[in-house]
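This is what each chain is made of:
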Amino acid sequence: MRVETEAIISHLEVKEKQEGLAPLFKFYLRLLRIQLKVEQKLASRLVPSLTKEAIDKRTAGGTPLISFDELALDESLLAATFTEVVNAFAEYPERVGEIPGRLKEPGVVGGLLTKVIKAWFDGVEVEPVLGEGRKQVLEAIIHATVRPFLVSHAKTLRDSIDQERWRRGYCPVCGGRPDFSYLDKERGSRWLVCARCDTEWLFQRLDCPFCRNQEQSKLGYFVDESGLYRLYLCEKCKRYLKTIDLRPAKEEVLLSLERLSTLDLDRQAKEQGYTDK
């Protein structure tokens, strides 16, 4: 199911010429173009950094293959990417609100950027750089900035994943949580997709990836009218996970776009009291 950034950009560009794009997808295309430039710069710099023995040891111990300190975060490239991402967000105030002008000034974030990204990566509270109450927007900016770095690292490691030995609720590469999943065409096996680096990994169907609840009376899902989409629900932790069943799909599926195309499923889940956090 792996689809590279270039393919998604090409798909959106064709669609833009043929029928136009909704503002959300125009915004996403803008971010993808920024991220692709970073991926291309990193392509020649990154090589697999772990031996098979180290990979086996981390897999056995449930340790993701990269930690924050092992990321090759070139500070100048990171800062330049952050500035471009902030400018992109600033062009769509109707979607994300007004972005403080000071964030667009060269060097204003300085050494704080790496610190904020580390907090986001480790899942701890990030500093309110955008001001109080803008945490979600700040996290979206951080994710858009660091995503091409994570994706580039993941490309060097994802073929090393022993799918049968991992089967945990977090990403085997970066430790991120899933925000989407799919049932494959061959056997209907369930694959989780990392929200941070897009790595895909095999996971059992009757298990909550967030709290590892396996009580069938507290697990469920409902299917939309098309039969393509499912919302997996856990009554124990009240989390949900969007899923696409590829078996009845007649056209090519681009998972990154499905995240955006299924926002109505997010709305439905949240209206019923479930959360994605």
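Report on the accompanying structure. (Residues numbered from 1 in each chain as written. Predicted model: local features only at pLDDT ≥ 70, side-chain atom pairs only at ≥ 80, totals over all residues. Heavy atoms only, no water.)

As a further point, take the sheet that holds strand β5 (residues 229–234). With mixed pairing, the six strands of this open sheet are ordered in space as β3-β2-β1-β6-β5-β4. Both outer strands of the open sheet, β3 (200–203) and β4 (219–223), are each paired with one neighbouring strand and no more. This sheet shows a mean twist of 30 degrees between the axes of neighbouring strands, independent of strand direction. In terms of strand pairing, strand β1 (residues 178–183) meets strand β2 (residues 190–194) through five bridges, oriented antiparallel. In the strand pairing of β2, Ser181 is matched with Leu192. Sitting on the sheet, helix α10 (residues 263–271) touches β4, β5 and β6 (240–245), and the angle it makes with β6 is about 140 degrees. (Pairing = 2+ DSSP bridges. Helix = DSSP H or I, 4+ residues; strand = E, 2+ residues; numbered from the N terminus. Axes fitted to C-alpha atoms, helices over the stretch in contact; angles between N-to-C directions. Contact = heavy atoms within 4.5 Å.)

Another aspect to go through is the environment of Phe149. By the element assignment, Phe149 lies in helix α7 (residues 135–157). With relative accessibility at 0%, the residue Phe149 sits in the buried group. In the structure, Phe149 is positioned 110 residues away from Glu39 in sequence and 6.9 Å away in space, judged by C-alpha atoms. With sequence-adjacent residues up to four places away left out, Phe149 is seen in contact with Val38, Leu42, Ala72, Leu73, Asp74, Leu77, Leu78 and Thr81. (Buried < 20%, exposed > 50% of the residue type's maximum accessible area, 1.4 Å probe, protein only.)

Glancing now at the packing of aromatic side chains. This model, assessed by the stated rule, comprises six aromatic pairs. Plain terms: the ring middles of Tyr182 and Trp191 are 6.2 Å apart, the flat faces sit at 5 degrees to each other, and that makes the pair stacked. Here Tyr182 falls in the buried class, since its relative accessible area comes to 4%. Both rings, one in Tyr221 and one in Tyr232, keep their centres 5.2 Å apart while their planes meet at 40 degrees; by these two values the pair is tilted. Of this pair, Tyr221 sits in strand β4 while Tyr232 is found in strand β5, placing the two residues eleven residues apart along the sequence. (Phe/Tyr/Trp six-rings, centres within 6.5 Å; stacked < 30°, edge-to-face > 60°.)

Considering only enclosed or pocket space, the largest pocket measures out at about 2,000 Å³ in volume. Looking at the lining of the largest pocket, the elements that each hand over two or more residues are α2 (23–43), α5 (93–96), α6 (112–122), α7, β1, β6, α9 (255–261) and α10. Here the lining of the largest pocket gets eight residues from one element, more than from any other, and that element is α7. Within the lining of the largest pocket, the residues separate by chemical class into 21 nonpolar, eight polar and 17 charged. For the second largest pocket, the calculated volume is near 340 Å³. Contributing to the lining of the second largest pocket are 18 residues, with Glu251, Glu252, Val253, Leu254 and Glu258 lying nearest its centre. Elements represented by at least two residues in the lining of the second largest pocket include exactly α1 (5–19) and α9. Within the lining of the second largest pocket, the residues separate by chemical class into ten nonpolar, three polar and five charged. (1 Å grid on protein atoms, 1.4 Å probe; cavity = no way out; pocket = protein on both sides within 12 Å on 5 of 7 lines; lining within 4 Å. Points joined across faces, edges and corners; volume = space filled by probe spheres on them. Nonpolar A, V, L, I, M, F, W, Y, C, P; charged D, E, K, R; others polar.)

Mapped onto the elements, Arg196 comes out in the loop between β2 and β3. The buried charged residue Arg196 lacks any salt bridge, with Asp122 as its nearest oppositely charged partner at 6.7 Å. Among the polar contacts made by the side chain of Arg196, one reaches the main-chain carbonyl oxygen of Cys174 at a distance of 2.7 Å. Ignoring sequence-local partners within four residues, the contact set of Arg196 consists of Trp120, Phe121, His143, Arg147, Leu150, Cys174, Gly175 and Gly176. (Lys, Arg positive; Asp, Glu negative; His and termini not counted. Salt bridge = Lys/Arg side-chain N within 4 Å of Asp/Glu carboxyl O. Polar contact = N/O pair within 3.5 Å; in protein donor to acceptor, adjacent residues only side chain to side chain.)

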